[in-house]
Amino acid sequence: MATKTMPSAILAIVATVMILDNFLNIPVLGSLSSEIRIWGVIIAAFALGLASINLARFHVVRVARQTTDWPYSVACLIAMAAFGLGGIAAGPGNDYYRFYFANFFSPMAVATMGMTIFFIATAAFRAVTIRSLEAGVLLAAALVVMLGNIPLGDAISPHIPDAAEWIRRIPNMAGQRGILITSAIGSIAFGLRVLIGLERTQFGAGAG
Amino acid sequence: MSFADFMLRVQSVDTRIIRVLVFLAILIPLVNPLPVPMVVTDAPRTLYDFIEQLPPGSVMLVDTNISAAYRPTLYGTAEAVFSHAMRRGLRVVLTSFAPEGPMFNEQMIESVAVPAGKVYGVDYVHLGYRAGGEGAVAEVLRDFHGAYDTDFHGNRVADIPIMQDVRTARDVSLVVIHSAGGYAGGGWVRQAVDPYGLPLAVSVTGVMAPSHYPYTDAGQIIALLSDMKSGAEYETLIQRPGVSLAGMGAQTFAHILIILLIFLSNVSYFANRGRRAKK
């Protein structure tokens with residue numbers, strides 16, 4: 001019981017300080033909330049280190065047991081060591097680190113992301129057909145926005161970029177506002193539940 | 001062969017042919033660049049005008065939250081805006097709240113500030129990465145010197161000339177963020193615009209842009225730039241062709257190809273609809 005009550009109490013105190021600081025101009029609260037944020041930054045930095053150790057441990061186990069595709073784990077461990085140790089030893093601004101980032105990591109990341117265009121093109125050809133009125137409206141909007149996003153749209157008609165902007169600014173924004181406002185209300189409700197101790201799912205699945 | 005039969009064959013074309021077409025549509029404009037006429041839209045123009053009216057010496061805070069995967073989409077805008085700020089004599093504080101961001105800040109410095117003869121620590125500074133997301137943003141804006149003991153290169157922040165005048169968000173005249181994910185514009189609105197009233201310009205990926213429109217309409221974001229196109233427009237404005245303008249040819253051809261594929265797919269679908277109904 002104490003394992004749940006103590007974190008709940010800490011959470012409630014921290015949340016109360018942060019909320020009050022947002023609405024009241026009291027120096028003590030300002031200092032307290034600043035201190036809490038600094039703790040948050042330290043915890044986040046610590047979490048990054050912890051995640052690296054966890055990832056390394058996961059892949060070491062895979063290599064040791066020689067599970068499916070274990071050579072990829074070897075590649076991952078080598079990359080982690082090369083990047084991590086280089087950065088720790090000489091700082092992230094050193095030439096070796098920059099070379100590694102610019103010539104290995106960056107091109108590979110861009111290439112992986114670039115591969116999606118092939119799947120998008122294939123999916124557009126195979127699946128994007130007007131099978132209903134709703135699909136037709138969706139497709140028309142998508143085509144206008146796509147054309148509005150390239151100079152050709154303006155070359156065909158100056159109204160196309162305007163129409164694309166209208167879609168983004170009116171129907172899109174109406175939907176986005178709805179999502180934004182409802183999620184904000186949901187966050188407030190969730191925050192209140194956490195604050196008064198009704199919500200305990202953040203301590204793990206089924207925490208009661 | 002009837003039209004319907006032909007379209008049926010088109011519909012069942014080998015996927016590899018589509019992929020080769022996509023490959024060529026991207027490769028040819030990259031190898032053989034085509035001049036793409038750019039029409040400058042409101043968002044880049046607004047940011048450009050805002051930077052133009054800032055007095056030289058004003059402080060521009062930049063959050064480079066770009067991941068390597070989105071470099072082609074966002075880096076061009078980041079470099080163009082940084083170049084404009086340097087040209088205007090603004091003092092720029094580069095930060096990042098994403099681990100990969102500092103590398104792009106360094107690339108911007110090497111390609112813009114160093115050739116322009118700008119002095120590190122006087123005209124610009126690179127503070128580096130801070131973990132903690134939105135909480136870290138709030139803390140940096142409250143107290144730059146408390147949040148950063150040293151800059152990216154290990155120099156004491158207290159000893160850097162530009163930082164003598166930059167202590168809190170109150171010393172900043174403009175915030176520009178380049179974001180490929182995370183809290184993005186919403187987080188900066190909460191931490192920089194609402195509490196301090198800072199002007200905020202946001203550059204995000206095309207997928208992220210729609211969720212930022214409510215902030216622009218509310219006046220919380222002064223300019224919303226999205227995708228490579230905004231970068232190309234900004235490069236056009238400052239008359240400094242860069243990676244975005246170079247990539248617009250490939251993006252244009254890829255979009256045209258996808259539009260054609262969708263068109264073909266639908267013609268084929270409707271041409272064979274009657275046949276499917278009979279079956």
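What counts, and where the lines are drawn
Residues numbered from 1 in each chain as written. Chains lettered and ligands numbered in written order. Predicted model: local features only at pLDDT ≥ 70, side-chain atom pairs only at ≥ 80, totals over all residues. Heavy atoms only, no water. Helix = DSSP H or I, 4+ residues; strand = E, 2+ residues; numbered from the N terminus. Polar contact = N/O pair within 3.5 Å; in protein donor to acceptor, adjacent residues only side chain to side chain. Contact = heavy atoms within 4.5 Å. Patch = residues over 30% accessible without salt bridge, like charges linked within 9 Å, V, L, I, M, F, W, Y side chains within 5 Å. Areas by Shrake-Rupley, 256 points an atom, 1.4 Å probe, with all protein chains shown as cover. Salt bridge = Lys/Arg side-chain N within 4 Å of Asp/Glu carboxyl O. Core = buried A, V, L, I, M, F, W, Y, C linked by side-chain atoms within 4.5 Å. Buried < 20%, exposed > 50% of the residue type's maximum accessible area, 1.4 Å probe, protein only. Phe/Tyr/Trp six-rings, centres within 6.5 Å; stacked < 30°, edge-to-face > 60°. Lys NZ or Arg CZ within 6 Å of the ring centre and 35° of its normal. Expected span 1.5 Å × (residues − 1). Bend = angle between axes of the 7 residues up to and from the residue. Buried area = accessible area lost by both parts, 1.4 Å probe. Pairing = 2+ DSSP bridges. Axes fitted to C-alpha atoms, helices over the stretch in contact; angles between N-to-C directions. Domains from an automatic or database assignment. Parallel < 35°, antiparallel > 145°, perpendicular 65-115°, else oblique. Left-handed = near helix turned anticlockwise from the far one by under 90°.

Right, let's talk about the side chain of B:Asn266 for a bit. On the secondary structure map, B:Asn266 appears in helix H12 (residues 243-271). Within polar-contact distance, the side chain of B:Asn266 engages the backbone oxygen of A:Val128 at 3.0 Å. Apart from the residues lying within four places of it in its own chain, the contact partners of B:Asn266 are A:Val128, A:Thr129, A:Ile130 and A:Leu139.

Residues and elements named next belong to chain A. A contiguous nonpolar surface patch, about 650 Å² in accessible area, is contributed by Ile19, Leu20, Phe23, Leu24, Ile26, Val28 and Leu32. Only helix H1 (2-23) and helix H2 (27-65) provide two or more residues apiece to the nonpolar patch. Per-element tally for the nonpolar patch: the top contributor is H1, with 3 residues. Among the secondary structure elements, Leu20 is positioned in helix H1.

Quick look at the nonpolar core now. All names here are of chain B. Among the nonpolar cores identified, the biggest contains 44 residues, and Leu47, Ile51, Met60, Phe82, Val92, Leu174 and Tyr234 are the most heavily contacted of them. Among the elements that line this core, the one with the most residues is helix H4 (residues 71-87), at 8 residues. In contact with Met60, other than residues within four places in its own chain, are Ile51, Val81, Ala85, Leu90, Arg91, Val92, Val93, Leu174 and Val176.

So, on to the packing of aromatic side chains. Any pair of aromatic rings gets described here by the distance separating the centres and the angle formed by the planes. The tally for this structure, following the rule as stated, stands at 14 aromatic pairs over all chains. Taking 6.3 Å as the distance between ring centres and 25° as the angle between the ring planes, the aromatic pair formed by A:Tyr96 and A:Tyr100 counts as stacked. With a gap of 4 residues between them, A:Tyr96 and A:Tyr100 both fall in helix H4 (residues 95-114), about one helical turn apart. With centroids separated by 5.2 Å and ring planes inclined at 80°, the aromatic side chains of B:Tyr269 and B:Phe270 adopt a geometry described as edge-to-face. Through a chain of ring-to-ring contacts, three or more aromatic side chains come together here, namely A:Phe83, A:Tyr96, A:Tyr97, A:Phe99, A:Tyr100, A:Phe101, A:Phe104, A:Phe105, B:Tyr75 and B:Phe104. Its guanidinium or amino end placed over the ring of B:Tyr75, B:Arg71 lies 4.4 Å from that ring's centre, counting from NZ or CZ.

A few words now on H4(A). The end-to-end C-alpha distance of H4(A), which contains 20 residues, comes to 27 Å, matching closely the 28 Å that a straight helix rising 1.5 Å per residue would cover. At A:Phe101, H4(A) is bent by approximately 35°, the largest bend along its length. Those residues of H4(A) that fall on the buried side of the exposure criterion are A:Tyr97, A:Arg98, A:Tyr100, A:Phe101, A:Ser106 and A:Ala109. In this structure, the buried side of H4(A) is in contact with helix H3 (70-90) of chain A together with H4 and helix H5 (101-113) of chain B.

The interface is formed by 49 residues belonging to chain A together with 60 residues belonging to chain B. Summing the contributions of chain A and of chain B, the shared interface buries around 4800 Å²; its carbon and sulfur component is 70%. Taken together, the connections running from chain A to chain B amount to 4 salt bridges. Counting the contacts that link chain A with chain B gives 14 residue pairs in polar contact (both at pLDDT 80 or more).

All names here are of chain B. Taken together, the 6 strands give an open sheet; going across it, the order is E3-E2-E1-E4-E5-E6, and neighbouring strands pair in parallel fashion. With one partner strand each, in any of the chains shown, strand E3 (124-129) and strand E6 (223-226) form the two edges of the open sheet. Recorded for the sheet is a direction-independent mean angle of 15° between the axes of neighbouring strands. Where strand E2 (residues 91-96) and E3 come together, 5 bridges link them in parallel fashion. Bridging from a neighbouring strand, Leu94 pairs with His126 of E3.

Take the domain arrangement of chain B next. The domains assigned to chain B are domain 1 (3-32 + 249-278) and domain 2 (42-240). Centre-to-centre separation of domain 1 of chain B and domain 2 of chain B, based on C-alpha positions: 40 Å.

Moving on to the packing of helix H1 (residues 3-11) of chain B against H12(B). Residue and element names in this part refer to chain B. H12 packs onto H1 with a crossing angle of 130° between their chain directions and a minimal axis gap of 9 Å. Of the possible angle classes, the one that applies to H1 and H12 is oblique. The element H1 and its partner H12 pack so that their crossing is left-handed. Along its contact with H1, which presents Phe3, Ala4, Met7, Leu8, Val10 and Gln11, the element H12 presents Leu264, Ser265, Val267, Ser268, Tyr269 and Ala271.

Going through the model one piece at a time under the given rule, you end up with 13 salt bridges over all chains. Note that B:Glu134 is salt-bridged to B:Arg190, the shortest N-O span being 2.8 Å. Separated by 56 residues along the polypeptide, B:Glu134 in helix H6 (residues 133-142) and B:Arg190 in helix H9 (residues 184-196) bring together distant segments of the chain. Classification of B:Arg190 by relative accessible area gives partly exposed; the value is 42%. Of the charged contacts in the structure, one is a salt bridge between B:Asp159 and B:Arg156, with a shortest N-O distance of 3.2 Å. Judged by its relative accessible area of 51%, B:Arg156 falls in the exposed class. Ionic contacts of the salt-bridge type, sharing partners, join the residues A:Arg37, B:Glu139 and B:Arg142 into one network.

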